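# Reading the structure
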Amino acid sequence: MEKLKSSSSSSVANEIFTDFNEYMHTASKMDDRLTHVIQKAAQYQKSLVLVCGNSGDGKSHLIASLKGSGVIDDGFSVYIDATSADKKGMKANDKLREKLMPLSDSEMHDGKTFRLIVAINLGILNDFLKNYENEFSVLKKYVDEQGLFENIPAWKYEKMHKEKVTHEDCYIGHVDFTSFHRYEITPRGLNLDFIRGLLDRIITNDPRNVMRLSFDNGCENCHKRSNCPVYWNYKRIVQDEEYREYIVDVLAEAIIKHNVAPSVREINNFFYEIIIGNTFDEALINANSTGRLVHFINNLSLNLLYESKDGLLKLVAEQDVLNSKDRKYDKELVALNLKPSFEKWLKEEAHKCNNELLQVDADLVFCQANYAREYKSLEAEIKRSIFKYYIRYMDSQNREYDQKYIQFLQYLYAYNTGNEQKCKNLINLIKECVYTWNGRLGDQSGSTIKNAIIYGKGTDRYYLYKVVDIAFQVDKSIEKIDETGEFPNFASSLKFSFALKDKPSIRISIDVDYELYDLLREMNEGYIPTDNDRKQNVNFDSFVRTLLAESESDIYIYSRYEEGKTYRITKDEFGSYAFENEG
């Protein structure tokens, strides 16, 4: 299991593909795409295959896999380390330039055979082209045409998915880990087969699976297994398919809500953390103290899933039902604390849920009998941990999906397939929230001032505002695609353009990810954003500021102490200002 940790050398393939790497490799459409690109590149005398992404996302692993399978043969050179300086002090840009010189404008037509596969971070590629675009104009043109630095929706990706030959003597193709997700969007939600496949690799009964062999031949025969949380965690995942689905679902939801693109290494580390975790201590399994019981409860997978504060677990922890805004389990938690006999509840009700709680009950009785004084001092903490585990387990068996999350997935799919019409309600929500972003202003009749956006912070007595009329701008370049398909390449946020009605030629765009969408929904229900909200959603704040800056509206003054009386500051054609009473 230690090999699953992100810090393990086994989790980094580089150019050496071990038996463990080979077993753990889970094929995806990314493999098929890169295989296709390489096969096409092999047909040209000069070719370049870019395997793009971010640090640690699996570029080296995929290349090593295809080398091991023979897809990448001796006809290609492979350059993995395109991100750092070498021992001689040559910087990344200089090393990359040296490697790519046969594809430079000056050497493109020299008649020499040259085929190269490069694993490269997008930041390095962007920096390289800024410095050497005049020497590598063919590569620069390809990168611009393929939108490698853009958040490309599925319809646009489908439109240009066929590789473009930028020169008759040269072929350039690529795959991009930042746009190729670990799941696919579908009209029914998400296809999570790839993430399921990673988890299955850990638990499948396969002679190549050293983790399962270790469990079957070691853990199942270990005399300490009854008090070992790792044993129970792994066994639960092996035997309970619904629980596996629950784990995959909550992980995917966290990924979407936080708009992150975890690598395979990070996902495998996540699975390691909910099976073993960082607080597991083998010495405490059969310790002669109540600490064994505390250790067992705290290291059960559902508690590890929601109690940790690092990596993907930190994101998942925000979905803990015990922290939900609707406080749906508050009454049950109170009721559990008011049980007249905790021991009776545990023995007669709770332990019927699963074998883990049955083991908790048995060890609790043991600790009460053998370490009574110590147990008494830890009783409140033990009860609290058991209650938390029980509620989390019950929720995992009857999970209710967040409807805002479901709606966002529907918008995400519609946007990526080119159906802006289905995003109409979201577009209207954006427009409405523009006017309430800095607060609401009511006129003397009690109605909200139409199209008013507060300008600046204001004072205790006055607010400045502009009257701004905005309109959504339809993207006429969209080419709709099949709305029944499944897409691994898609934009993880939705980009919409707006314009001022008096300046239709100027388009102002906003990207909406789940975090912003959630805030906009709350604003629609009456929530007033705080300064902290504006800092966390700086893109929307900048969007509103840009609309205000571009607007040629007069500036109005709203008097808080004159029952909403307003004044207007106007500017005539000679540049003179006038102060008018609006009533």
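Rules and cut-offs
- Residues numbered from 1 in each chain as written.
- Predicted model: local features only at pLDDT ≥ 70, side-chain atom pairs only at ≥ 80, totals over all residues.
- Heavy atoms only, no water.
- Helix = DSSP H or I, 4+ residues; strand = E, 2+ residues; numbered from the N terminus.
- Buried < 20%, exposed > 50% of the residue type's maximum accessible area, 1.4 Å probe, protein only.
- Contact = heavy atoms within 4.5 Å.
- Areas by Shrake-Rupley, 256 points an atom, 1.4 Å probe, with all protein chains shown as cover.
- Pairing = 2+ DSSP bridges.
- Salt bridge = Lys/Arg side-chain N within 4 Å of Asp/Glu carboxyl O.
- Axes fitted to C-alpha atoms, helices over the stretch in contact; angles between N-to-C directions.
- Expected span 1.5 Å × (residues − 1).
- Polar contact = N/O pair within 3.5 Å; in protein donor to acceptor, adjacent residues only side chain to side chain.
- 1 Å grid on protein atoms, 1.4 Å probe; cavity = no way out; pocket = protein on both sides within 12 Å on 5 of 7 lines; lining within 4 Å.
- Points joined across faces, edges and corners; volume = space filled by probe spheres on them.
- Nonpolar A, V, L, I, M, F, W, Y, C, P; charged D, E, K, R; others polar.
- Phe/Tyr/Trp six-rings, centres within 6.5 Å; stacked < 30°, edge-to-face > 60°.
- Lys NZ or Arg CZ within 6 Å of the ring centre and 35° of its normal.

### A word on the overall build of the protein
Tallying secondary structure elements over the protein gives 24 helices and 15 strands in all. Dimensions of the protein, computed from C-alpha atoms along their principal axes, come out at roughly 95 × 80 × 50 Å. Looking at the protein as a whole, 51% of its 583 residues qualify as buried. Sequence separation of 24 or more characterises 72% of the internal contacts of the protein that already satisfy a separation of 6 or more. For the protein, the accessible surface area stands at approximately 28,500 Å², while carbon and sulfur atoms represent 46% of it.

### Focus on the pairing of strand β11 (residues 494-500)
For a regular strand, side chains alternate in direction, first toward one face of the sheet and then toward the other. Within β11, six of the seven residues are buried, leaving the element largely enclosed by the surrounding structure. Looking at chain direction, strand β9 (residues 470-473) and β11 are connected through four bridges and run antiparallel. Of the residues in β11, the one forming a bridge with Ala 471 is Ala 499. A loop of two residues connects β11 with strand β12 (residues 503-512), the two strands running antiparallel in sequence.

### Observations regarding the pattern of salt bridges
Following the criterion strictly, the structure yields 33 salt bridges and no others. Of the charged contacts in the structure, one is a salt bridge between Lys 159 and Glu 479, with a shortest N-O distance of 3.5 Å. Of this pair, Lys 159 sits in helix α7 (residues 154-159) while Glu 479 is found in the loop between β9 and β10 (487-489), placing the two residues 320 residues apart along the sequence. By relative accessible area, which is 48% here, Lys 159 ends up partly exposed. In this structure, Lys 383 engages Glu 379 in a salt bridge whose closest nitrogen and oxygen atoms are separated by 3.7 Å. With Lys 383 and Glu 379 both in helix α19 (residues 372-397) and four residues apart, this pair spans about one turn of that helix.

### Quick notes on the sheet that holds β9
If you walk across this open sheet you meet the three strands as β9-β11-β12, and the pairing is antiparallel. Either end of the sheet is taken by a strand with one partner, and the two such strands are β9 and β12. Strand-to-strand twist in this sheet, taken as the mean axis angle between neighbours without regard to direction, amounts to 35°. Its contacts with the sheet place helix α20 (residues 403-416) against β11 and β12, and it is angled at close to 75° to β11. Packing of helix α21 (residues 424-436) onto the sheet brings it into contact with β9, β11 and β12, and relative to β11 it is tilted by some 55°.

### Considering helix α11 (residues 241-258)
If you check α11, its first and last C-alpha atoms are 26 Å apart, about what 18 residues at 1.5 Å a residue would give, namely 26 Å. With 14 of 18 residues buried, α11 lies mostly within the body of the structure. Capping of α11 at its N-terminal end is provided by Asp 240; its side-chain oxygen lies 3.1 Å from the backbone amide nitrogen of Glu 242.

### Focus: the environment of Val 365
By secondary structure assignment, the location of Val 365 is in helix α18 (residues 355-370). A relative accessible area of 39% means that Val 365 is categorised as partly exposed. Put simply, Val 365 and Asn 323 are 42 residues apart on the chain and 30 Å apart in space, counted from C-alpha to C-alpha.

### Comments concerning empty space enclosed by the protein
Counted by the stated rule, this structure contains four cavities of 30 Å³ or more. In this structure, the largest cavity occupies an estimated 140 Å³ of space. Lining the largest cavity are 15 residues; nearest its centre among them are His 25, His 61, Arg 182, Phe 194 and Val 264. Looking at the lining of the largest cavity, the elements with two or more residues in it are α2 (29-41), α3 (59-68) and α8 (193-203). Across the lining of the largest cavity, the residue classes tally to seven nonpolar, five polar and three charged. When its volume is computed, the second largest cavity comes out at roughly 50 Å³. Lining the second largest cavity are Leu 48, Leu 100, Leu 103, Met 108, Phe 136, Val 138, Leu 139, Cys 170 and Ile 172. Every element with two or more residues in the lining of the second largest cavity is listed here: α6 (137-146) and β4 (170-176). Split by residue class, the lining of the second largest cavity holds nine nonpolar, no polar and no charged.

### Describing the layout of surface pockets
Of the volumes computed, that of the largest pocket is approximately 1,200 Å³. Residue assignment for the lining of the largest pocket shows that the elements contributing at least two residues are α11, α20, α22 (514-524) and α23 (531-536). In this model, the second largest pocket occupies a volume close to 800 Å³. Around the second largest pocket sit 44 residues that line it, and Asn 54, Phe 177, Val 260, Ala 261 and Pro 262 are the ones nearest its centre. It is helix α12 (residues 264-275) that provides the largest number of residues to the lining of the second largest pocket, a total of five residues.

### Observations concerning the packing of aromatic side chains
For the structure shown, the criterion picks out 27 aromatic pairs. Pairwise contacts between aromatic rings join Tyr 415, Trp 437, Phe 472, Phe 496, Phe 498, Phe 540 and Phe 543 into one cluster. Positioned over the ring face of Tyr 23 is Arg 201, at 5.3 Å from the centre of the ring. Directly above the ring of Trp 437 sits Arg 534, whose terminal nitrogen or CZ lies 5.9 Å from the centroid.

### Notes on unusual backbone geometry
A positive phi angle, near 50°, is found at Asn 259, a position not held by glycine. Following the sequence through the fold, Asn 259 ends up in the loop between α11 and α12. Overall, the relative accessible area of 31% leaves Asn 259 in the partly exposed class. Unusually for a residue other than glycine, Asn 451 sits at a positive phi of about 60°. Here Asn 451 shows up in the loop between α21 and β7 (452-455).

### Let's talk about the sheet that holds β4
Remark on secondary structure: sheet strands pair via backbone hydrogen bonds, oriented parallel or antiparallel. Taken together, four strands build an open sheet; the order of strands is β2-β3-β1-β4 and the sheet is parallel. The sheet terminates laterally at β2 (77-79) and β4, the two strands that pair on one side only. Ignoring which end each strand starts from, the neighbouring axes of this sheet average 15° apart. Pairing of β2 with strand β3 (residues 114-121), which is carried by three bridges, proceeds in the parallel orientation. Bridge pairing links Val 78 to Ile 117 in β3. Here helix α5 (residues 122-132) sits on the sheet and contacts β1 (46-53), β3 and β4; the angle it forms with β3, its principal contact strand, is near 115°. Across the face of the sheet, α6 comes into contact with β1 and β4 while running at roughly 40° to β4.

### Describing α12
Along its twelve residues, α12 runs 17 Å from first to last C-alpha, staying within 8% of the 16 Å computed at 1.5 Å per residue. Across the twelve residues of α12, nine count as buried, placing the element largely inside the fold. Looking only at α12, the buried set comprises Ile 267, Asn 268, Asn 269, Phe 270, Phe 271, Tyr 272, Glu 273, Ile 274 and Ile 275. Just past α12, the residue Gly 277 takes up positive phi, approximately 75°.

None of this, on its own, says anything about what the molecule does.
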